[in-house]
Amino acid sequence: QVQVVESGGGLVQPGGSLRLSCAASLSIFRFYGMAWYRQAPGKQRELVAHITSGGTTNYAPSVKGRFTMSRDSAKNTLYLQMNSLKPEDTAVYYCNASRSGGVYWGQGTQVTVSS
């Protein structure tokens, strides 16, 4: 059983930055893809960024150029560096790990962008 736990959310002003972390219970990066999703009030959950087990990254157009995802294999931790934050980025952010036959979600961390 894979477990992932998000942290690093909070309140930030527009234009500010936050770094989210996703700690995995097992060494999984070799064979799991990892992703960040977010869900704003009244909206469906959407994909923010994804990284394959081989290290290839993809970003949603709304965050490309502002958000950067990275992995630390020694710590089994996935990061999302969020810069130039906008009020539209306000949402609960979720980490997941996936491969054929299994998808695992964290509980989420709240990000609020407001002045």
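Above: the structure in question.
The following paragraphs examine the structure supplied in this document. Quick caveat, the model's predicted, so the values are computed rather than measured. (Residues numbered from 1 in each chain as written. Predicted model: local features only at pLDDT ≥ 70, side-chain atom pairs only at ≥ 80, totals over all residues. Heavy atoms only, no water.)

### Regarding the pattern of salt bridges
Working definition: two side chains of opposite charge can pair if their charged atoms are close together.
Here is step 1 of the chain: As enumerated under the stated definition, the model contains 3 salt bridges in all.
Here is step 2 of the chain: Arginine 38 is the partner of aspartate 89 in a salt bridge, and the nearest nitrogen-oxygen pair spans 2.9 Å. Within this pair, whereas aspartate 89 is found in the loop between strand 8 (77-82) and strand 9 (91-99), its partner arginine 38 is found in strand 4 (residues 33-39), the two being separated by 51 residues in sequence.
Here is step 3 of the chain: Aspartate 89 sits in the buried class, given a relative accessible area of 2%.
Here is step 4 of the chain: Overall, arginine 38 belongs to the buried group, its relative accessible area being 6%.
Here is step 5 of the chain: Salt bridges sharing partners connect three or more residues here, namely Arg38, Glu46, Arg66 and Asp89. (Salt bridge = Lys/Arg side-chain N within 4 Å of Asp/Glu carboxyl O. Helix = DSSP H or I, 4+ residues; strand = E, 2+ residues; numbered from the N terminus. Buried < 20%, exposed > 50% of the residue type's maximum accessible area, 1.4 Å probe, protein only.)

### Some details on the sheet that holds strand 7 (residues 67-72)
Here is step 1 of the chain: Taken in spatial order, the 4 strands of this open sheet run 1-3-8-7, and their pairing is antiparallel. Each edge of the open sheet is held by one strand with a lone partner, namely strand 1 (4-7) and strand 7. Put simply, the sheet's adjacent strands are angled 15° from each other on average, direction ignored.
Here is step 2 of the chain: Looking at chain direction, strand 3 (residues 18-24) and strand 8 are connected through 6 bridges and run antiparallel. Its bridge partner being in strand 8, leucine 20 is matched across the sheet by leucine 80. (Pairing = 2+ DSSP bridges. Axes fitted to C-alpha atoms, helices over the stretch in contact; angles between N-to-C directions.)

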